[in-house]
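Understanding the architecture of this molecule
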Amino acid sequence: MKKNNQPSGALLVGSVPLEDNTAVFNLASSLMGQHLNRIPDGETGKRTNWVNWQFNVLANTPQLEPVTHSTDEYGNLPRQVKLRDGISANDI
């Protein structure tokens, strides 16, 4: 923050539809570099849809299991994971 309490800079979040992180770094720095303290890698490649990618990582963790809700706006897709029976947070 500037001394006059006016915000400055920019924060980039989310996926960037570019080929790889080098392309993200180059584009972000060329367009906004003077406004950025950090540049995220853009969640490219297999992480393009990071939320789904992360869900798959969690769902394949042996101590966790997917929770399927009966209905939501996307159908009957699992959106959460929970600890399997008999597992505590300390087991992960």
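Residues numbered from 1 in each chain as written. Predicted model: local features only at pLDDT ≥ 70, side-chain atom pairs only at ≥ 80, totals over all residues. Heavy atoms only, no water.

When helices and strands are tallied, the protein shows two helices and two strands. Counting from the amino terminus, helix and strand elements in the protein follow one another as α-α-β-β. Taken across its 92 residues, the protein has 10% of its residues classed as buried. The contacts in the protein between residues at least 6 apart in sequence include a share of 29% that link residues at least 24 apart. Accessible surface, the protein: about 7300 Å² in total, of which carbon and sulfur atoms supply 52%. (Helix = DSSP H or I, 4+ residues; strand = E, 2+ residues; numbered from the N terminus. Buried < 20%, exposed > 50% of the residue type's maximum accessible area, 1.4 Å probe, protein only. Contact = heavy atoms within 4.5 Å. Areas by Shrake-Rupley, 256 points an atom, 1.4 Å probe, with all protein chains shown as cover.)

A few words now on the confidence of the model for the protein. On average, residues of the protein carry a pLDDT of 83, and 86% of them reach 70 or more. Of all secondary-structure elements in the protein, the lowest mean pLDDT belongs to helix α2 (residues 50–59), at 81, while helix α1 (residues 21–32) reaches the highest, 94. (pLDDT = per-residue confidence, 0-100.)

On to unusual backbone geometry. The phi dihedral of Glu-43 is positive, around 50°, even though this residue is not glycine. The exposure class of Glu-43 is buried, given its relative accessible area of 18%.

Structurally, the position occupied by Glu-43 is in the loop between α1 and α2. Considering only alpha carbons, one finds Glu-43 and Asn-21, 22 residues apart in sequence, at a separation of 7.6 Å.

Here we come to the environment of Gln-63. Looking at the secondary structure, you find Gln-63 in the loop between α2 and β1 (64–68). Between the alpha carbons of Gln-63 and Ser-88 there is a distance of 8.6 Å; along the sequence they are 25 residues apart. Contacts of Gln-63, omitting those with residues within four sequence positions, involve Lys-82, Leu-83, Arg-84, Ile-87, Asp-91 and Ile-92.

Within the secondary structure, Thr-44 is located in the loop between α1 and α2. Among the residues examined, Thr-44 registers a relative accessible area of 11% and is labelled buried. Residues in contact with Thr-44, not counting those within four places in the same chain, are Val-16, Leu-18, Glu-19, Asp-20, Asn-21 and Val-24.

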